[in-house]
Amino acid sequence: MTTTVSGANLFMAILNGAELFNTNLTRANLSKADLSGTDLHGSIFKNTILVDTDLRNVKRLEEVRHRGPSYIDISTIIRSRGNI
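Note on numbering: residues in each chain are counted from 1, in written sequence order. Note on the predicted model: pLDDT of at least 70 is required for a residue's local features to be given, and 80 or more for side-chain atom pairs to be given and counted; whole-chain, interface and lining totals, by contrast, use all residues. With hydrogens and water stripped out, all remaining heavy atoms of the structure feed into the side-chain values.

Draft legend 1. Highlighting unusual backbone geometry. The phi dihedral of Asp52 falls on the positive side, at around 55°, and the residue is not glycine. Examined against the element boundaries, Asp52 turns out to sit in the loop between strand E4 (49-50) and strand E5 (65-66). The backbone phi angle of Arg60 is positive, close to 55°, even though this residue is not glycine. Checked against the element boundaries, Arg60 lands in the loop between E4 and E5. By the criteria applied, helices consist of DSSP H or I runs no shorter than four residues and strands consist of E runs no shorter than two, each listed in order from the N terminus.

Here it is, written out as structure tokens:
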């Protein structure tokens, strides 16, 4: 079962520890969101926005399903210290 939050504005949302596995995050704005400990396995990214977001402690990020391009900026890479 897939939960849909497609197009949601989660700017600066505190999602630490959330279980977002199998969630449709198409067009979702996760800019500056706190994703520490969040489980994203099986989630769908397409036109998902990750600006100035620390991804170091996101669980199972490698299991995100990319259905199209998403947006990540240099601030995210710097904040994540390259651990993406």
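Draft legend 2. Region of interest: the pattern of salt bridges. Whenever a carboxyl oxygen of Asp or Glu lies within 4 Å of a side-chain nitrogen of Lys or Arg, that contact is scored as a salt bridge. Going through the model one piece at a time under the given rule, you end up with four salt bridges. Close ionic contact of Asp52 with Arg79 constitutes a salt bridge, the shortest N to O distance being 3.8 Å. Of the two residues, Asp52 sits in the loop between E4 and E5 while Arg79 sits in helix H1 (residues 74-79), which places them 27 residues apart along the sequence. Each residue gets one of three labels from its accessible area relative to the maximum for its type: buried under 20%, exposed over 50%, partly exposed in between, using a 1.4 Å probe on protein chains only. Owing to a relative accessible area of 37%, Arg79 belongs among the partly exposed residues under this scheme. Taking the shortest distance from any N to any O, the salt bridge between Arg60 and Glu63 comes out at 3.1 Å. One continuous salt-bridge network, built from bridges that share partners, spans Lys32, Asp52 and Arg79.

Draft legend 3. Summary view of the side chain of Ser31. With respect to the helices, strands and loops of the structure, Ser31 is situated in the loop between strand E2 (23-24) and strand E3 (44-45). Counted as a polar contact is a pair of N or O atoms within 3.5 Å, where, for protein atoms, one must be capable of donating a hydrogen and the other of accepting one, and residues adjacent in sequence contribute only when both atoms are in side chains. At 2.6 Å, the side chain of Ser31 forms a polar contact with the side chain of Asn29. Working rule for contacts: check all heavy atoms of both residues, and any pair within 4.5 Å makes them a contact. Apart from residues no more than four positions distant in its own chain, Ser31 is found in contact with Leu10, Phe11, Met12, Ile49, Val51 and Thr53.

As far as function goes, none of this settles anything; it's purely spatial.
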